[in-house]
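Descriptive structure summary
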Amino acid sequence: MSRVYFYLLVMAVVTYLIRVLPLTLIRKEIKNTYIQSFLYYVPYITLSVMIFPAILAATATPISALIGLVVAVILAYNGASLFRVSLFACVAVFLVEGFIL
């Protein structure tokens, strides 16, 4: 049981250091445009990395998930609202799983 507490302590320290070190080491404003653009896109990349595998594993078959993903990407690229994108992606998955497969 003490190993679990040790692992939790290590995880807490690592998480804390990741958040505190940039605040203590970088005191000036970041003026490098490459670093600024990298930091701007980090939340989007992180969210994509977490969501993409869940999209492919959330349905009964990977084919229906892929079709729903394609529908969602096309609608989002064309400027549809988040509600409309999610609604049509769900309808596409429902139709593919219910009637085609």
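For the structure, see preceding data.
In this report, we go over the structure that sits alongside the text. Everything numeric in this text was worked out from a predicted model, so none of it was measured.

**Some points on the overall build of the protein**
The secondary structure content of the protein amounts to four helices and zero strands. Listed N to C, the secondary structure of the protein is α-α-α-α in terms of helices and strands. Oriented by its inertia axes, the alpha-carbon framework of the protein measures out at about 55 × 45 × 20 Å. By sequence separation, contacts in the protein at least 24 residues apart represent 41% of the contacts at least 6 residues apart. Element-wise, carbon and sulfur atoms account for 75% of the exposed surface of the protein, whose accessible area totals about 8,800 Å².

**Considering the environment of I67**
The topology assignment puts I67 in helix α3 (residues 62-77). In this structure, I67 is in contact with A92 and V96, ignoring residues within four places of it in sequence.

**Side note on the packing of aromatic side chains**
All chains considered together, the criterion is met by five aromatic pairs. Where Y40 meets Y44, the ring centres are 5.9 Å apart and the plane angle is 55°; that geometry is what we call tilted. With a gap of four residues between them, Y40 and Y44 both fall in helix α2 (residues 33-57), about one helical turn apart. Ring geometry for F94 against F99: centres 6.3 Å apart, planes inclined by 90°, an arrangement best described as edge-to-face. On the basis of relative accessible area, F94 is assigned to the exposed category, the value being 56%.

**Re a nonpolar patch on the surface**
On the surface, F83, L87, F88, V91, F94, L95, F99 and I100 cluster together to form a nonpolar patch covering roughly 880 Å² of accessible area. Checked against the element boundaries, I100 lands in helix α4 (residues 82-100). Residue classification places I100 among the exposed residues on the basis of a relative accessible area of 64%.

**Considering α2**
The end-to-end C-alpha distance of α2, which contains 25 residues, comes to 37 Å, matching closely the 36 Å that a straight helix rising 1.5 Å per residue would cover. The largest bend along α2 measures about 35° and falls at V42, with the proline P43 one to four residues further on. Its side-chain oxygen 2.9 Å from the backbone nitrogen of Y34, N32 forms the N-cap of α2.

What counts and what doesn't
One numbering rule holds for all chains: residues counted from 1, following each sequence as written. Side-chain atom pairs in this predicted model are given and counted only at pLDDT of 80 or more, local residue features only at pLDDT of at least 70, and totals for whole chains, interfaces and linings cover all residues. Values shown for side chains rest on all heavy atoms present in the structure; no hydrogens or waters enter the calculation. Every helix listed is a DSSP run of H or I at least four residues long, and every strand listed is a run of E at least two residues long, numbered separately from the N terminus. Contacts are assigned to residue pairs that have any heavy atoms within 4.5 Å of one another. Only the protein chains shown count as cover for residues, and the accessible areas themselves come from Shrake-Rupley with a 1.4 Å probe. Here a Phe, Tyr or Trp ring, Trp counted by its six-membered ring, pairs with any other such ring whose centre lies within 6.5 Å, and the pair is stacked when the planes are under 30 degrees apart, edge-to-face when over 60, and tilted otherwise. The rule is simple: take the accessible area with a 1.4 Å probe, protein chains only, and divide by the maximum for that residue type; under 20% is buried, over 50% is exposed, in between is partly exposed. For patches, a residue must show more than 30% relative accessible area and have no salt bridge; joins then use 9 Å for like charges and 5 Å for nonpolar side chains, namely Val, Leu, Ile, Met, Phe, Trp and Tyr. Any Lys or Arg side-chain nitrogen found within 4 Å of a carboxyl oxygen on Asp or Glu counts as a salt bridge. Given a helix with a known number of residues, its expected span is that number minus one, times 1.5 Å. Note on bend: the value at a residue is the angle between axes fitted to the seven residues ending there and to the seven starting there. Within 3.5 Å is the distance limit for a polar contact, defined as a pair of N or O atoms, with the added protein rule that one can donate a hydrogen and the other accept it, and that residues adjacent in sequence qualify only through two side-chain atoms.

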